[in-house]
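# Chain and residue survey
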Amino acid sequence: MSFTPDFPPKLTPHDPRVLSKTTTINGKKYHYLISAPPAGASSSPEPRGTVLLVHGFPDLSLGWRYQVPFLVSLGLRVIVPDLPGFGRSDSPQELTAYSFKNVSHDLLELVASEVPGGRAQIEKEGGVIVGGHDWGGAVAWRFALWFPGLVKAVFSVCTPFWAPRAGEFVPLEKMVQTVLPNFKYQVQLAGPEVEEKVAGEEKIRQWLSGVYGEKGPDGEVIFTTEKGVLFENLPKMSGKSPLLDEKEMEYYVQQYVGNDGGSMRGSLNWYRTTRVNYDDERELVKQLESGGKSTKTMEKIVEPPSLFVLALKDAALPPAMSKGMERYFEKLTSKEVDASHWALWEQPVKVNLYIGEFLAGVLGTEEDAKL
């Protein structure tokens, strides 16, 4: 496969280097990709560990296409699910199916089903390595809180950490009005309008190409963090993204069209879980307290070695959101890339380099990360 110094080898849709599988966990169907080093590729007969990669919105498991071959080259087994509401995974009606707690528990079961020896082997390996982007970054951080003894390391690209709320519930609308004005678009996504107006193949193609960087003839955009989706600009999108090639775009469109009859209801449900996550995390707060953590300061509540890769041009998750987050970690490494929200695709070499350097320390090797 051809590549340049700025763009390493990547997975393609239906790539033979990965297996595409489905399984049912807690009544929900999950589709996922899995890849591992070929037998005899290293001196070790088994992978050096297991990596779980979690995507965000609007994305799919293929969103990690630049990272999967790289991680496999490091001798790691890599598992990449489509989250509930996305791709070939189910889109349940109940919002609890999309909570950080329930998805984290589902994904632990998924990983255990693919690791020979299951949970016991995961423990023997020192835990799973969890990485996330966007909503997947939030899942990765929470996975590390729910299962600190089963996580060897955790990393997030773009998504900063925020602590579970120990106080009273704050609705999304109030958060936007007070401390998170950059989340104003989430109020729109949580409502009915986007679900109603972005449906069917034509609209989904226009939406995806626009959110993935296409602009109209006069520079029109279809999304801002201030206003959300600009429906009047959808017809101005040709369906060609500067970040995805033609085959990738077609794959993304068909995966979205094929989920829930061409509705984005499932993927948008992630923006409707503010209350669900708050209620779930009453239990998490108690778990932290029982483990001797201060739920007043939340200091050092994330125990596994952690990496955060900040995207300097991310309008949805701007750099200011990560200010002071180091207090929540036992050991945090912070890096940054000159990229927008789509840092995994815009700066894959640097992202891979930072992940590789981080994992070299975690895995106890002095070998240079292979690019």
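For the structure itself, consult the block above.
To keep things clear, this report deals only with the structure shown in the data block. Predicted model, so just to flag it, every value in this text is computed and none were measured.

Basis of the calculations
Residues numbered from 1 in each chain as written. Predicted model: local features only at pLDDT ≥ 70, side-chain atom pairs only at ≥ 80, totals over all residues. Heavy atoms only, no water. Buried < 20%, exposed > 50% of the residue type's maximum accessible area, 1.4 Å probe, protein only. Helix = DSSP H or I, 4+ residues; strand = E, 2+ residues; numbered from the N terminus. Pairing = 2+ DSSP bridges. Expected span 1.5 Å × (residues − 1). Contact = heavy atoms within 4.5 Å. Polar contact = N/O pair within 3.5 Å; in protein donor to acceptor, adjacent residues only side chain to side chain. Core = buried A, V, L, I, M, F, W, Y, C linked by side-chain atoms within 4.5 Å. 1 Å grid on protein atoms, 1.4 Å probe; cavity = no way out; pocket = protein on both sides within 12 Å on 5 of 7 lines; lining within 4 Å. Points joined across faces, edges and corners; volume = space filled by probe spheres on them. Nonpolar A, V, L, I, M, F, W, Y, C, P; charged D, E, K, R; others polar. Salt bridge = Lys/Arg side-chain N within 4 Å of Asp/Glu carboxyl O.

### Some thoughts on the pairing of strand E2 (residues 28–35)
Extensive coverage of E2 is indicated by the burial of seven of its eight residues. Where strand E1 (residues 19–25) meets E2, seven bridges bridge the pair, whose relative direction is antiparallel. Each bridged residue has a counterpart across the sheet, and for Thr23 the counterpart in E2 is Tyr30. The pairing of E2 with strand E4 (residues 76–81) spans four bridges and is antiparallel. Within the sheet, the bridge partner assigned to Ser35 lies in E4 and is Val78.

### Some thoughts on helix H9 (residues 246–257)
For H9, which comprises twelve residues, the first-to-last C-alpha distance of 16 Å matches the rise-based estimate of 16 Å (1.5 Å per residue) to within 8%. Taken together, the buried positions of H9 are Glu248, Met249, Tyr251, Tyr252, Val253, Gln255 and Tyr256. In the core, the buried residues of H9 are packed alongside helix H8 (201–211), helix H10 (265–268) and helix H12 (343–346). If you check the start of H9, you find a side-chain oxygen 3.1 Å away from the backbone N of Lys247, and it comes from Asp245.

### Topic: the nonpolar core
In terms of nonpolar packing, the biggest core is built from 117 residues, with Leu71, Leu107, Phe161, Trp207 and Tyr252 touching the most fellow members. Ranked by residues supplied to this core, first place goes to helix H4 (residues 135–146) with nine residues. Apart from the residues lying within four places of it in its own chain, the contact partners of Trp207 are Phe57, Pro58, Val198, Ile222, Phe223, Val229, Leu234 and Met264.

### A few points about the side chain of Gln188
By secondary structure assignment, the location of Gln188 is in helix H6 (residues 184–190). Within the local environment of Gln188, its side chain forms a polar contact with the backbone nitrogen of Val229, the two atoms lying 2.7 Å apart. Residue contacts for Gln188: discarding those within four places in its chain leaves Glu193, Val194, Lys227, Gly228, Val229 and Phe231.

### Digging into the layout of surface pockets
To find leftover empty space, a probe the size of one water molecule is rolled over the atoms. Approximately 990 Å³ is the volume found for the largest pocket. Trp162, Ala163, Met175, Leu180 and Phe183 are, among the 38 residues lining the largest pocket, the residues nearest its centre. Counting only elements with at least two residues in the lining of the largest pocket, the list comes to H4, helix H5 (172–178), H6 and helix H11 (274–290). Approximately 580 Å³ is the volume found for the second largest pocket. When residues of the lining of the second largest pocket are traced back to their parent elements, those giving at least two are H6, H8 and strand E7 (223–224). If you tally residues by element for the lining of the second largest pocket, the top one is H8, at three residues. The class makeup of the residues in the lining of the second largest pocket is 15 nonpolar, six polar and six charged.

### Brief notes about unusual backbone geometry
With an omega of -20 degrees, the peptide bond between Phe57 and Pro58 qualifies as cis. Despite not being glycine, Cys158 has its phi angle at roughly 85 degrees, a positive value. By the secondary structure assignment, Cys158 is in the loop between strand E6 (151–157) and H5. Under the relative-accessibility criterion, Cys158 is labelled buried at 1%. Backbone geometry at Met298 places phi at a positive 60 degrees, although glycine is not the residue there. Within the element layout of this structure, Met298 appears in the loop between H11 and strand E9 (306–311).

### Considering the pattern of salt bridges
Enumeration according to the criterion identifies 19 salt bridges in this entry. Two residues, Asp15 and Arg17, come together in a salt bridge whose shortest N-O distance is 2.8 Å. A salt bridge links Asp338 to Lys313; the nearest nitrogen and oxygen atoms lie 3.3 Å apart. In this pair, Asp338 sits in the loop between strand E10 (332–337) and H12 while Lys313 sits in the loop between E9 and E10, placing the two residues 25 residues apart along the sequence. Accessibility expressed as a relative area gives 42% for Asp338, which makes it partly exposed. Classification of Lys313 as exposed rests on a relative accessible area of 54%.

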